[in-house]
Each structure stands twice: as structure tokens, then as C-alpha cells.
Amino acid sequence: MGDKTPDAAAIEADDQKYVMRPWTHPAGEPVIVAKARGCVVTDVHGKDYLDFTAGYFVNNAGHCHPRIAEAASRQVHEVLQVSGKHGTIPMVRLAKRLVDLAPKSIHKVFFSTGGSEANEFALKLARQYTKKPDIAYLENGYHGLTLGSLEVTASEKYRESAGKPLGNDNFAIPTAYCYRCKFGPHPQCNVQCLDGVEEKLASRQTAAIIAEPVQAVGGLAPPQKWWDRLDQIRRKLKILLIADEVQTGLGRTGKMFAVEHYGLEPDIMTGGKGLSGGVGSMAVTTASNEVCQSFFGGTTPTSGGNAVSAAAGLALIDVIVDEQLVENALKMGQYFTEAAWALKDPWIGDVRFTGLLGGIELVKDRETKEVLGKKEMGKVKDLLHEAGMLITVSGWHGNVLRLQPPLSITSAQIDQFLAALRKTLIAVRGS
Ligand code: PMP
């Protein structure tokens with residue numbers, strides 16, 4: 001238990017009155033956080049939560065890592081913000097560091113302020129380079145909520161938020177949801193879900209395919225042969241690959257970038273979220289020299305590559321390397337998987353972790369895979385919240401517990417979560 005903020009109730013009342021939020025909340029939310037360290041956040045009432053959202057998949061090195069905080073505070077006294085047409089030392093250094101870490105197809109970095117914006121620049125870049133208008137995206141894919149990025153985001157619920165019909169330049173192609181594969185059990189997979197995709201891509205003026213290498217919504221990691229087949233098709237048709245690493249980048253999946261799992265060499269790769277270590281917001285659109293040559297941005301985003309965020313981002317990468325957080329993500333993802341299956345809970349239908357990008361899919365019946373209903377999912381979420389576990393619910397059918405803690409999480413903290421999950425599932429089921 002942390003310290004209680006003296007005017008906690010007034011702050012919560014003001015939040016309700018003055019802060020605009022786009023949806024209604026589950027019990028206990030929004031949590032107004034007063035302090036956060038490592039994997040723990042403390043609310044204004046002094047209640048501690050284990051944060052399995054890492055501050056919405058941002059604080060990969062844990063909340064308020066001292067080395068990141070120190071790098072940011074040092075930078076505050078040097079230079080804060082310059083025109084995006086110029087640059088700062090940390091910005092240039094971060095660009096070099098990212099290119100050094102990225103797949104060898106990536107040579108240059110364009111800075112902006114958020115993942116949606118970075119993806120919009122990626123779409124522009126692809127269209128300008130290929131002189132073609134259409135972009136293919138994956139079913140279940142998420143690339144942001146601004147109007148341009150919404151056009152390549154699959155969920156109808158999000159698309160409807162546009163308030164107008166979205167354009168029809170972009171189109172969906174199948175994703176790999178192997179747990180619910182229409183074509184039968186996994187070992188017999190011939191990647192039939194991609195049958196017809198080559199024809200579909202070829203029938204349009206397709207500039208690029210945008211995809212998360214591993215889909216964060218529901219934690220869907222395609223098998224190698226799925227990516228091999230799609231990559232082969234798009235290379236044959238000379239279609240660019242935009243890898244959206246906004247959520248999967250910087251160690252989250254147990255590799256520095258998730259494309260490394262599959263040996264993918266994207267023409268364009270985007271990043272954001274954790275990139276600035278939680279200090280401000282920064283995102284990047286990176287690309288090959290060849291694609292960059294035709295880039296016409298018009299002008300630059302005002303706060304792209306902010307010096308303080310860039311200094312924090314450099315410190316973040318140092319921490320990830322020095323504290324072996326990529327390796328820990330891989331190890332803890334395996335631990336989480338084994339320990340979750342060991343609960344032998346009849347509602348646990350699938351456990352999917354790629355590093356610490358994880359999802360536990362809850363079902364009413366393991367044989368039929370009947371989705372656990374909205375009401376029960378709501379109760380599970382509420383009880384976990386009460387037990388001090390900060391999580392979100394996600395997935396194609398809204399029945400996946402999304403588990404993406406800071407990469408520094410320990411097995412003891414995972415045990416704590418699973419003990420709470422065990423109790424919760426028994427309580428909601430009634431036995
Ligand atoms: N792409 C992916 C894969 C994401 O997960 C997100 C954010 N959830 C975005 C893009 C959009 O990023 P932002 O919210 O910073 O605009």
C-alpha cells in the first residue's frame with residue numbers, strides 16, 4: 001500500500017467532470033495513478049496494482065526507470081524542442097541507434113509523435129514511392145485511431161468511430177488465428193487461409209501490406225510458414241511490406257523487433273509507444289534508402305523527435321540491453337505460458353505468449369471453444385482489478401486477457417497474478 005493523496009476524492013470528481021473519455025468504464029476505472037515504479041502503479045488512494053498493461057504497452061523497462069528519468073532530466077537543461085526541420089544531438093543519435101538495431105532493409109528514420117501518425121506517414125511513403133493508392137491490411141489488425149490509420153484498422157467498432165464512411169482504397173486480407181482455424185488442426189496446415197490472396201492483391205493497385213508481425217489484439221503470432229507465404233506473394237507482386245512495430249518493437253516479443261522472429265525485411269517499419277521510455281510521446285516511420293528517396297512530407301510534425309523524449313529513448317535502449325530485458329521477456333513469456341497451463345482451469349482455452357506479448361483466451365468449453373460471454377468476462381476483469389491486477393480485455397471476440405507487463409517482470413509477480421486469476425475464475429464460475 002502506498003501513500004494516499006490527501007485530495008484523492010476531489011481529483012477523481014474532477015476527472016469525471018473535466019476529462020473526456022471515449023467509452024464507459026469497467027469497475028474501478030479509470031485508475032488515477034499517483035506514483036509508479038517498475039511493475040507497480042499506485043493510485044490516489046494508495047492502492048497498489050501490478051501493471052500488466054505496462055502503461056498501455058509503453059513502459060518496457062518498467063515505470064520511472066531511474067536511468068531513463070536521469071537521462072531525461074539531464075536533457076531538460078540542454079535543449080528541449082527545436083523545429084522538426086532542424087535536429088538535436090539525442091534525436092540524431094537515436095536515429096542511428098534504431099537503424100543499427102533494425103533489420104538491414106531499414107536505413108533512415110522520420111520522427112513524429114504517436115503510433116497512428118507514424119503509420120499515416122508509412123502509408124504516404126508507400127503511396128508516394130509506388131504511385132499506387134491501395135493498402136492491404138490484416139483482419140484483426142490495429143494501426144491507430146486517426147482517420148488515415150483507421151482506414152487500415154480492421155475492427156468495425158473502431159472504424160465506426162470515424163463518423164463517416166471510410167474510403168475504399170484499402171482492403172483486408174486474412175490473418176492467422178490458428179486457435180480458431182477454419183481449415184482444421186495446426187499440424188495439417190498448408191496456409192490455406194492465404195489461398196486467393198495473391199489474386200486479390202494483384203487485382204488492385206496495391207502499394208503495400210501493413211501488418212503487425214505479431215498481432216497485439218489477442219496475441220496472434222502467425223506460424224513461420226504463414227509469413228513465408230505472404231512475404232513470397234508480396235515480393236512477387238512488388239508490393240511493399242510495412243511492419244507496424246509500434247507495440248511489438250523494443251523487446252516486447254523476446255526479440256528487439258518482432259520481424260526478427262520471421263526473418264522479415266520490411267521496406268517500411270514503424271515504432272512508437274515505449275520508444276521514448278514513457279517520457280513524452282515519440283514515434284518513428286523508418287524505411288529503406290530507396291523508399292525514402294521519393295518521400296515528400298510537405299512539412300514536419302511540430303514535436304517530432306523531441307530532444308527530451310529522444311534522450312530518454314536512448315537511455316531506454318541502453319537499459320534494455322544492459323538489463324537483458326529482451327532475454328527476460330522471452331524467459332518470462334515461457335514461464336507465464338507454462339504456469340498458466342498448469343492451473344488446469346477449464347475456462348483457459350488458449351495461452352499465447354510471444355515473449356511478453358501475451359493473451360489468455362477464455363472459453364466456456366474447451367472442446368467446442370465456445371467464447372466466454374461478455375458478462376462473465378466483465379466479472380473476471382472486475383475481480384482481477386479488485387485483486388490489484390491492472391489488465392485489459394481484448395481479442396477478436398473480446399474474450400482474451402491481454403497480458404503485457406514491463407519486460408522486467410519477475411516470476412514471483414507472475415505467480416501473484418496467476419494465483420489471483422485462479423481464484424477469480426473459480427469465483428465467477430461458481431466452482
Ligand atoms: N499500431 C499499433 C500496433 C498499436 O498497438 C497502436 C496503439 N495501440 C498504434 C498503432 C497507435 O498508436 P498511438 O495510440 O500512439 O497513436
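Here is a short report on the structure shown in this document. On a predicted model such as this, the values are computed, not experimentally measured, just so you know. Along each chain, residue indices are assigned from 1 in the same order as the chain's sequence is written. Only residues with pLDDT of 70 or above have their local features reported here, since the model is predicted, and side-chain atom pairs are shown and tallied only from 80 upward, although totals for entire chains, interfaces and linings are computed over all residues. Values reported for side chains reflect all heavy atoms of the structure, with hydrogen atoms and water molecules removed beforehand.

1. What to know about the overall build of the protein
Okay, step 1: If you tally the helices and strands in the protein, you get 15 helices and 16 strands.
Okay, step 2: Against the compact-globule benchmark of 22 Å for 431 residues, the protein has a radius of gyration of 21 Å, which places it among compact chains.
Okay, step 3: When accessible area is computed with a 1.4 Å probe and restricted to protein chains, residues below 20% of their type maximum are described as buried, those above 50% as exposed, and intermediate ones as partly exposed. Scored against the burial criterion, the 431 residues of the protein give a buried share of 53%.
Okay, step 4: Sequence-distant contacts, at least 24 apart, represent 73% of the contacts inside the protein between residues at least 6 apart.
Okay, step 5: Carbon together with sulfur atoms contributes 54% to the accessible area of the protein, which is approximately 19400 Å² in total.
Okay, step 6: On the protein, the mean spot of the 48 positive side-chain charges and the mean spot of the 47 negative ones are 2 Å from each other. Only runs of H or I of at least four residues qualify as helices and only runs of E of at least two qualify as strands under DSSP, and these elements are numbered from the N terminus. Just to be clear, the radius of gyration here is over C-alpha atoms, and the globule rule we use is 2.2 Å times residues to the power 0.38. Any two residues having at least one pair of non-hydrogen atoms within 4.5 Å are treated as being in contact. Under the convention used here, a 1.4 Å probe and the Shrake-Rupley method define accessible areas, while residue burial counts only the protein chains that appear. For the purpose of counting charges, residues Lys and Arg are taken to be positive, whereas Asp and Glu are taken to be negative. His and the chain ends are not included. A charged residue contributes its charge at one atom only: NZ of Lys, CZ of Arg, CG of Asp or CD of Glu.

2. A word on the nonpolar core
The tendency in soluble globular proteins is for nonpolar side chains to be buried side by side.
Okay, step 1: Ranked by size, the top nonpolar core spans 89 residues in total, and within it Ile 360, Phe 417 and Leu 421 carry the most contacts.
Okay, step 2: Of the residues forming this core, the biggest block, nine residues, is contributed by helix 12 (residues 307-322).
Okay, step 3: Counting the residues that make up this core, at least three belong to each of domain 1 (48-61 + 324-430) and domain 2 (67-322).
Okay, step 4: By nonpolar core is meant a set of buried Ala, Val, Leu, Ile, Met, Phe, Trp, Tyr and Cys residues that side-chain atoms within 4.5 Å join together. Core analysis: the next-biggest nonpolar cluster, separate from the first, contains 16 residues, Tyr 137, Val 152, Ala 154 and Ala 287 among them. Domain segmentation is taken from an automatic or database assignment of domains.

3. Regarding the sheet that holds strand 10 (residues 283-287)
Okay, step 1: Judged by pairing direction, the sheet is mixed, and its seven strands sit side by side in the order 4-10-9-8-7-5-6 without closing on themselves. Two strands bound the open sheet, and with one partner strand each, they are strand 4 (108-112) and strand 6 (170-173). Within the sheet, the average angular offset between the axes of one strand and its neighbour, ignoring direction, is 20°.
Okay, step 2: At least two DSSP bridges between two strands are needed for those strands to be called paired. Pairing of strand 5 (residues 134-138) with strand 7 (residues 206-211), which is carried by four bridges, proceeds in the parallel orientation. Along strand 7, the bridge assignment pairs Asp 134 with Thr 206.
Okay, step 3: Geometry is summarised by axes, namely lines fitted to C-alpha atoms with helices restricted to the contacting stretch, and by angles between N-to-C directions that run from 0 to 180 degrees. Relative to strand 4, helix 4 (residues 89-101) is tilted by about 130°, and along the sheet it contacts strand 4 and strand 10.
Okay, step 4: Strand contacts of helix 9 (residues 224-236): strand 5, strand 6, strand 7 and strand 8 (240-244), with the helix running at about 140° to strand 8, the strand carrying the most contacts.

4. Here's the deal with the environment of Glu 370
Okay, step 1: Considering the arrangement of structural elements, one finds Glu 370 in strand 13 (residues 370-371).
Okay, step 2: The class for Glu 370 is partly exposed, based on a relative accessible area of 45%.
Okay, step 3: Along the sequence, Glu 370 and Gly 359 sit eleven residues apart, while their C-alpha atoms lie 17 Å from each other.

5. Observations concerning the packing of aromatic side chains
Okay, step 1: Stacked, tilted and edge-to-face are the three classes applied to pairs of Phe, Tyr and Trp rings, where Trp contributes its six-membered ring and a pair requires centres within 6.5 Å; stacked means planes under 30 degrees apart, edge-to-face means over 60, and tilted covers the rest. Enumeration over the complete set of coordinates arrives at twelve aromatic pairs.
Okay, step 2: Pairing Phe 52 with Phe 417 gives two aromatic rings, centres 4.7 Å apart and planes at 45°, and the pair type is tilted. Here Phe 52 is found in the loop between strand 3 (48-51) and helix 2 (54-57), whereas its partner Phe 417 is found in helix 15 (residues 411-429), with 365 residues between them in sequence. As far as the burial class goes, Phe 52 and Phe 417 line up, both buried.
Okay, step 3: When the ring of Trp 227 is compared with that of Tyr 262, the centres are 6.2 Å apart and the planes differ by 50°; the resulting orientation is tilted.

6. Here's the deal with the sheet that holds strand 3
Okay, step 1: Pairing is mixed across the open sheet formed by four strands, whose spatial order is 1-2-3-14. For this open sheet the edge positions go to strand 1 (33-37) and strand 14 (389-390), each flanked by a neighbour on one side alone.
Okay, step 2: Relative to strand 3, strand 2 (residues 40-43) is paired through three bridges, and the arrangement is antiparallel. Residue Thr 42 lies in a different strand from strand 3, and its bridge partner there is Asp 48.

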